[in-house]
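Examining the three-dimensional arrangement
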Amino acid sequence: MDDCNRLNRIARDIAAIFVVICAGFALSGCGASDDQFAKIVVGTWGSRDVAPDDVIVETQFTLLPGGRVNWQGQVRLLVPPDFYLRPDRPNFEVRNGRLIYYFTASGNWAVRDGYLHTRIETSTLTSLMPVGFAAAWKLKEVTSKEMIYVSAANGRTRVEYRKSD
């Protein structure tokens, strides 16, 4: 009976060691993948979205080496022909029947566990990009031309396109 208990204990110890080794290999693989993602995502990416109510949002963001990110873009809304915009409104203009709001934001970024983590530190569009807002975007694939990820906002797969320099 003692021999049977000893064999069971040895088997459990071997299984535990095996699990620890496998976990180590898995985690080291994640780190390598994160490092690869972190290198290839550096650059400027852009997208254009049109909502059902015909609001257009064009966004461009630049992921800089060292973990800084800068966003810029515009939100365009349909307005009536007699829409008046006070001249003292910075970052706004009316053109071709649309009110255009130009926005910028900046913050930091990092790749961890297959996610692109971003955090906003400054923003001129606090209603959509509030200071302190953090998100984690599940990276699916990044090439020299496309970044495919699962949106933290709605769970849908999105594609950003690399902008030419």
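This text goes with the structure placed above it.
These notes cover the structure that comes with them.

Moving on: the overall build of the chain. Helix and strand counts for the chain stand at one helix and nine strands. Reading the helices (α) and strands (β) of the chain from amino to carboxyl end gives α-β-β-β-β-β-β-β-β-β. Across the 165 residues of the chain, 29% fall into the buried class. Within the chain, contacts between residues separated by at least 24 positions form 37% of all contacts whose residues are at least 6 apart in sequence. For the chain, the computed accessible surface area is about 10800 Å², with 58% contributed by carbon and sulfur atoms.

Our next topic: the pattern of salt bridges. In this structure the tally under the stated criterion is eight salt bridges. Arg-98 is the salt-bridge partner of Asp-54, the closest N and O atoms lying 2.8 Å from each other. Within this pair, whereas Asp-54 is found in the loop between β1 (43-50) and β2 (56-63), its partner Arg-98 is found in strand β5 (residues 98-112), the two being separated by 44 residues in sequence. One salt bridge in this structure joins Glu-58 and Arg-76, with 2.4 Å as the shortest N-O distance. Taken together, the residues Glu-58 in strand β2 and Arg-76 in strand β3 (residues 68-78) connect sequence positions 18 residues apart. Glu-58 gets classed as partly exposed once you look at its relative accessible area, which sits at 26%. Residue class for Arg-76 comes out buried when judged on its relative accessible area of 14%. Salt bridges linked by common partners bring Arg-48, Glu-58 and Arg-76 together as one network.

Glancing now at unusual backbone geometry. In this model, Asn-91 sits at a positive phi of 70°, which is unusual for a non-glycine residue. Within the secondary structure layout, Asn-91 lies in the loop between β3 and β4 (92-95). A positive phi is found at Asp-113, a non-glycine position, where the angle reads about 55°. Along the polypeptide, Asp-113 turns up in the loop between β5 and β6 (115-123). Take Asp-113: its relative accessible area is 57%, and that puts it in the exposed class.

To continue, consider the packing of aromatic side chains. Scanning all chains against the criterion turns up two aromatic pairs. Judged by centre distance (4.5 Å) and plane angle (50°), the ring pair of Phe-92 and Tyr-101 falls under tilted. Of the residues examined, Phe-92 reaches a relative accessible area of 24% and is grouped as partly exposed. Judged by its relative accessible area of 12%, Tyr-101 is buried. Centroid distance Trp-137 to Tyr-149: 5.7 Å. Interplanar angle 80°. Geometry classified as edge-to-face.

What follows concerns the layout of surface pockets. The computed volume of the largest pocket comes to approximately 910 Å³. Taken together, 30 residues line the largest pocket, and the ones lying closest to its centre are Asp-49, Thr-59, Trp-137, Ala-153 and Arg-158. Looking at the lining of the largest pocket, the elements with two or more residues in it are β1, β2, β3, β6, β7 (134-142) and β9 (157-162). Considering every element that reaches the lining of the largest pocket, the biggest residue donor is β2, with four residues.

Criteria and thresholds
Residues numbered from 1 in each chain as written. Predicted model: local features only at pLDDT ≥ 70, side-chain atom pairs only at ≥ 80, totals over all residues. Heavy atoms only, no water. Helix = DSSP H or I, 4+ residues; strand = E, 2+ residues; numbered from the N terminus. Buried < 20%, exposed > 50% of the residue type's maximum accessible area, 1.4 Å probe, protein only. Contact = heavy atoms within 4.5 Å. Areas by Shrake-Rupley, 256 points an atom, 1.4 Å probe, with all protein chains shown as cover. Salt bridge = Lys/Arg side-chain N within 4 Å of Asp/Glu carboxyl O. Phe/Tyr/Trp six-rings, centres within 6.5 Å; stacked < 30°, edge-to-face > 60°. 1 Å grid on protein atoms, 1.4 Å probe; cavity = no way out; pocket = protein on both sides within 12 Å on 5 of 7 lines; lining within 4 Å. Points joined across faces, edges and corners; volume = space filled by probe spheres on them.

Treat this as a map of the structure, not an account of what it does.
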